[in-house]
Amino acid sequence: MNTQKTVKDYIRTIVDFPHEGILFRDVTTLFADPRGFRMAVDQMLHPYAGQRIDKVVGLEARGFILGGAVAHQLGCGFVPVRKKGKLPGAVISEEYTLEYGEAVVELHDDAITAGETVLLVDDLLATGGTAEAGIKLIERLGGQIIGCAFVIDLPDLGGRERIEALGMDVHALCAFEGL
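Overview of the structure. (Residues numbered from 1 in each chain as written. Predicted model: local features only at pLDDT ≥ 70, side-chain atom pairs only at ≥ 80, totals over all residues. Heavy atoms only, no water.)

Examining helix H2 (residues 34–45)
With twelve residues, H2 should reach 16 Å at 1.5 Å per residue; the first-to-last C-alpha distance of 17 Å fits that figure. Taken residue by residue, H2 has Gly-36, Met-39, Ala-40, Val-41, Met-44 and Leu-45 as its buried positions. Buried residues along H2 sit against helix H1 (28–32), helix H3 (62–74), strand E7 (117–125), strand E8 (144–153) and strand E9 (170–175). Among the residues of H2, the N-terminal cap falls to Asp-33, whose side-chain oxygen and the backbone nitrogen of Arg-35 are separated by 3.0 Å. (Helix = DSSP H or I, 4+ residues; strand = E, 2+ residues; numbered from the N terminus. Expected span 1.5 Å × (residues − 1). Buried < 20%, exposed > 50% of the residue type's maximum accessible area, 1.4 Å probe, protein only. Contact = heavy atoms within 4.5 Å. Polar contact = N/O pair within 3.5 Å; in protein donor to acceptor, adjacent residues only side chain to side chain.)

Quick word on the environment of Ala-114
Within the secondary structure, Ala-114 is located in the loop between strand E6 (101–108) and E7. On the accessibility criterion, Ala-114 (60% relative accessible area) is exposed. What Ala-114 contacts, discounting residues up to four positions off in sequence, is Leu-141 and Gly-142.

Some thoughts on helix H4 (residues 129–140)
Taking 1.5 Å as the rise per residue, H4 with twelve residues should run 16 Å; its terminal C-alpha atoms sit 17 Å apart, in good agreement. Of the positions making up H4, those classed as buried are Gly-129, Ala-131, Glu-132, Ala-133, Gly-134, Ile-135, Leu-137 and Ile-138.

Examining the environment of Leu-74
Relative to the helices and strands, Leu-74 is located in helix H3. Here Leu-74 falls in the partly exposed class, since its relative accessible area comes to 29%.

So, the side chain of Asp-153
Locating Asp-153 in the fold gives a position in strand E8. Of the residues examined, Asp-153 reaches a relative accessible area of 6% and is grouped as buried. Not counting the four nearest positions on each side in its chain, Asp-153 is found in contact with Leu-125, Arg-160, Ala-172, Cys-174, Ala-175 and Phe-176.

Some thoughts on the nonpolar core
Grouped together as the largest cluster of nonpolar side chains are 29 residues, with contacts concentrated most on Ile-11 and Val-151. Sorting the residues of this core by element identifies H1, H2, H3, E7, E8 and E9 as the ones contributing at least two each. Looking at which element gives the most residues to this core, the answer is H2, with five residues. Counting 26 residues, the second largest nonpolar core, distinct from the first, contains Val-81, Leu-107, Leu-137 and Leu-141. (Core = buried A, V, L, I, M, F, W, Y, C linked by side-chain atoms within 4.5 Å.)

Section: the pattern of salt bridges
The final tally for this structure, using the stated rule, is ten salt bridges. Residue Glu-132 pairs with Lys-136 through a salt bridge whose shortest N-O separation is 3.4 Å. Taken together, the residues span about one helical turn, with Glu-132 and Lys-136 both in helix H4 at a distance of four residues. For Lys-136, a relative accessible area of 35% puts it in the partly exposed group. (Salt bridge = Lys/Arg side-chain N within 4 Å of Asp/Glu carboxyl O.)

Remarks on the sheet that holds E8
Pairing within the open sheet is mixed, and its seven strands lie in the order E5-E6-E4-E3-E7-E8-E9. If you trace the sheet from one side to the other, it starts and ends with strand E5 (91–98) and E9, each paired once. Geometrically, the sheet is characterised by an average inter-axis angle of 20 degrees between neighbouring strands, direction not taken into account. (Pairing = 2+ DSSP bridges. Axes fitted to C-alpha atoms, helices over the stretch in contact; angles between N-to-C directions.)

What to know about the packing of aromatic side chains
The full count for this structure, using the stated rule, is three aromatic pairs. Ring geometry for Phe-17 against Phe-24: centres 5.2 Å apart, planes inclined by 85 degrees, an arrangement best described as edge-to-face. When the ring of Phe-31 is compared with that of Phe-37, the centres are 5.5 Å apart and the planes differ by 70 degrees; the resulting orientation is edge-to-face. Residue Phe-37 is classed as partly exposed on the basis of its relative accessible area of 22%. The ring of Tyr-10 has Lys-5 sitting right over it, with the charged end atom 4.2 Å from the ring centre. The lysine or arginine in question, Lys-8, covers the ring of Phe-176, its NZ or CZ lying 4.7 Å from the ring centre. (Phe/Tyr/Trp six-rings, centres within 6.5 Å; stacked < 30°, edge-to-face > 60°. Lys NZ or Arg CZ within 6 Å of the ring centre and 35° of its normal.)

Next up, the structure:
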């Protein structure tokens, strides 16, 4: 019997959060466990081993935790994509649609140099709206995205298909059915 834990085993599900009928996949339990966190970071970078990566871009907010750790392991820079108004200095912006309205994310206009190779990182791929906005920002600065890595894919929400339709390679460590 194999008793070795997987990344999925470290993720807690919270029922009816933030709204009734939602099963919230909580990665803070994964982050809190040293073995689980290391496993996630190692598995996120594994598909890209041996490839040149100049920057890791993390999506707010849990993507900062993962992206910083992945960038450290790769020995490259880390760049945050933040909610509107959170970055000082000159930024570029991208609006995207949420189930309840619209949101805007921003990136420093000098964070990525044209031709740099970039790995996009976040904890969760749901509808793909935030990831698509991040991809558009990176591409506007001339970054070459080699992949998009996530801890969790929620396949029922269609995010993977949306991001793959943009020509992106998508890597997810685990999937959860449902909302």
